[in-house]
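Secondary and tertiary structure notes
Each chain is listed here by its residues.
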Amino acid sequence: MGDIIFMGPPGSGKGTQAQKLVRENGWVQLSTGDLFRSHIEAATELGKRVKPILDAGTYVPDDITVEMVRQRLRDIPKETRIVFDGFPRTIDQAKAIDRLLSEVGRGLDGVIYLDVPRNELIARVITRGKREGRSDDTARVIVKRLDVYEQNTRPLIDHYKQRGMLREVDGTGTVEEIATRLGKAAEATWSR
Ligand code: AMP
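Quick look at the packing of aromatic side chains
For the structure shown, the criterion picks out one aromatic pair. Between Phe84 and Phe87 the ring centres are 6.3 Å apart and the planes differ by 45°, which places this aromatic pair in the tilted class. Here Phe87 falls in the buried class, since its relative accessible area comes to 0%.

Description of the environment of Val116
Looking at the secondary structure, you find Val116 in the loop between β4 (108–115) and α6 (118–132). Judged by relative accessible area, Val116 falls into the buried class, the value being 5%. Separated by 104 residues in sequence, Val116 and Ser12 have C-alpha atoms that sit 5.9 Å apart.

Description of the pattern of salt bridges
Between side chains of opposite charge, a pair can form when the charged atoms approach closely. Counted by the stated rule, this structure contains 21 salt bridges. With its nearest N and O atoms 2.8 Å apart, the salt bridge here joins Asp34 to Arg37. Here the residue Asp34 and the residue Arg37 both occupy positions in helix α2 (residues 32–41), the gap between them amounting to three residues, near one helical turn. The class for Asp34 is partly exposed, based on a relative accessible area of 39%.

Some points on helix α5 (residues 91–103)
The first and last C-alpha atoms of α5 sit 19 Å apart over 13 residues, in line with the 18 Å expected at 1.5 Å per residue. Those residues of α5 that sit buried are Gln93, Ala94, Ala96, Ile97, Leu100 and Leu101. Each buried residue of α5 sits inside an arc of 160° when the element is viewed along its axis, so together they form one side. Tucked inside the fold, the buried residues of α5 contact β1 (3–7), α4 (62–74), β3 (82–85), β4 and α8 (155–162). Just downstream of α5, Gly105 is the residue with a positive phi angle, here 70°.

Observations regarding the packing of α5 against α8
Packed helix pairs are characterised by how far apart their axes lie and by the angle those axes make with each other. Their axes nearest at 9 Å, the elements α5 and α8 cross at an angle of 40°. Accordingly, the angle class assigned to the pair α5 and α8 is oblique. Contacts from Ile91, Ala94 and Ile97 of α5 reach α8 at Pro155, Leu156, His159 and Tyr160. Here the residues of the contact of α5 with α8 sort into six nonpolar, one polar and no charged.

Side note on the site of the ligand
Within the structure, the ligand sits among 17 residues, and Thr32, Arg37, Thr58, Gly86 and Arg89 are positioned closest to it. The separation between a nitrogen atom of the ligand and a polar side-chain atom of Thr32 is 2.8 Å. Summarising the interface, the protein chains cover 97% of the accessible area of the ligand, which totals 480 Å² for the free molecule. Spatially, the ligand is embedded in the largest pocket. Looking at the shell around the ligand element by element, the count peaks at four residues for α2.

Some thoughts on the layout of surface pockets
Leftover empty space is mapped by rolling, across the atoms, a probe with the size of a water molecule. Within this model, the largest pocket holds a volume of roughly 950 Å³. Considering the residues around the largest pocket, the lining is formed by 41 residues, among which Lys14, Arg37, Arg128, Arg134 and Arg145 are closest to the centre. Of all elements in the fold, only α1 (14–25), β2 (28–31), α2, α6, α7 (139–153) and α9 (175–190) reach the threshold of two or more residues within the lining of the largest pocket. Here the element with the most residues in the lining of the largest pocket is α6; it accounts for six residues. Class assignment for the residues of the lining of the largest pocket results in 11 nonpolar, 18 polar and 12 charged. By volume, the second largest pocket is sized at about 190 Å³. Only α2 and α3 (45–56) provide two or more residues apiece to the lining of the second largest pocket. Residues that form the lining of the second largest pocket fall into these classes: two nonpolar, two polar and six charged.

Cut-offs applied
Here, residues in each chain are numbered from 1, in the same order as that chain's written sequence. For a predicted model such as this one, the threshold for reporting local features is a pLDDT of at least 70, and the threshold for listing and counting side-chain atom pairs is 80 or more; totals across whole chains, interfaces and linings nevertheless cover every residue. Side-chain metrics rest on all non-hydrogen atoms present in the structure, leaving aside hydrogens and water. Here is the rule: rings of Phe, Tyr and Trp (six-membered ring for Trp) pair when centre to centre is within 6.5 Å. Planes less than 30 degrees apart are stacked, more than 60 are edge-to-face, and the remainder are tilted. Note on exposure labels: buried denotes an accessible area under 20% of the residue type's maximum, exposed denotes more than 50%, and partly exposed covers the range between, all computed with a 1.4 Å probe on protein chains only. Starting at the N terminus, helices and strands are each numbered in turn, a helix being any DSSP run of H or I of at least four residues and a strand any DSSP run of E of at least two. What counts as a salt bridge is simple: a side-chain nitrogen of Lys or Arg found within 4 Å of a carboxyl oxygen of Asp or Glu. Here the expected span of a helix is defined as 1.5 Å times the quantity of residues minus one. Note that the arc is computed from the directions linking the helix axis to the C-beta atoms. The contact rule is simple, with two residues in contact once any of their heavy atoms fall within 4.5 Å. A fitted line through C-alpha atoms represents every axis, and for helices the fit uses only the stretch in contact; the resulting angles, taken between N-to-C directions, go from 0 to 180 degrees. With respect to orientation, any angle under 35 degrees is reported as roughly parallel, any angle over 145 as roughly antiparallel, any angle of 65 to 115 as roughly perpendicular, and every other angle as oblique. Residue classes follow a fixed rule: Ala, Val, Leu, Ile, Met, Phe, Trp, Tyr, Cys and Pro count as nonpolar, while Asp, Glu, Lys and Arg count as charged, and any other residue, Gly among them, counts as polar. Near, as used in this document, describes a residue that has one of its heavy atoms within 4 Å of the molecule or strand being considered. In protein, a polar contact requires one atom able to donate a hydrogen and another able to accept it; more generally it is a pair of N or O atoms within 3.5 Å, and residues adjacent in sequence count only if both atoms are side-chain atoms. Calculation of accessible area relied on Shrake-Rupley with a 1.4 Å probe; when residues are assessed, cover is drawn exclusively from the protein chains displayed. Cavities and pockets were defined on a 1 Å grid built from protein atoms only: a cavity is a group of points that admits a 1.4 Å probe but offers it no way out, a pocket is an open group of points flanked by protein on both sides within 12 Å along at least five of seven lines, and a lining residue is one with an atom within 4 Å of any such point. To decide whether a molecule occupies a pocket or cavity, check its atoms: if more than half lie within 2 Å of the grid points, it is inside. Grid points are joined across faces, edges and corners, and a volume is the space filled by probe spheres set on the points.

As structure tokens, then:
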């Protein structure tokens, strides 16, 4: 039983969907965005360091992100499946995840990519910002985050496609419709 990566642009709903999937199955979601936000809320050293980065919509340096994931992995029992949400986001992080997982005797089963058109992403993120008060969910920051995503994270799609690990899921429609498609993709990934 291996772990899985959820990929998708900001606002694609990958966080919501990952949360739903892990809740229904008793797995664990590992969201680097959530981990950074908890550090910011608790005003830890790491939190103080990354707050301006999150607010600007750019990426936290790979070494800091990878180290935080390494720490978090220590607490997750080997039998519990992990759904990675928002990590890896760069080619270097993709290389690091293989290393991190093998260090603790784990491995990847596959990658699910939630595909949503750009104009829909912007509208969704602005709605989420108003609802949750996320300081990086504003029109200005979302455009920056999408650019950063296109430049740094989109190349990962090919990286995993070439390895035959990627499953693409249509991320438009209602939360339930998307969840059904994702559930099927997840099952197919895990039964390989
Ligand atoms: P998210 O909640 O996944 O949208 O992440 C919110 C913000 O946290 C991003 O815009 C980045 O500033 C930071 N972040 C989250 N995950 C990563 C990562 N894997 N690498 C670098 N920065 C990240």
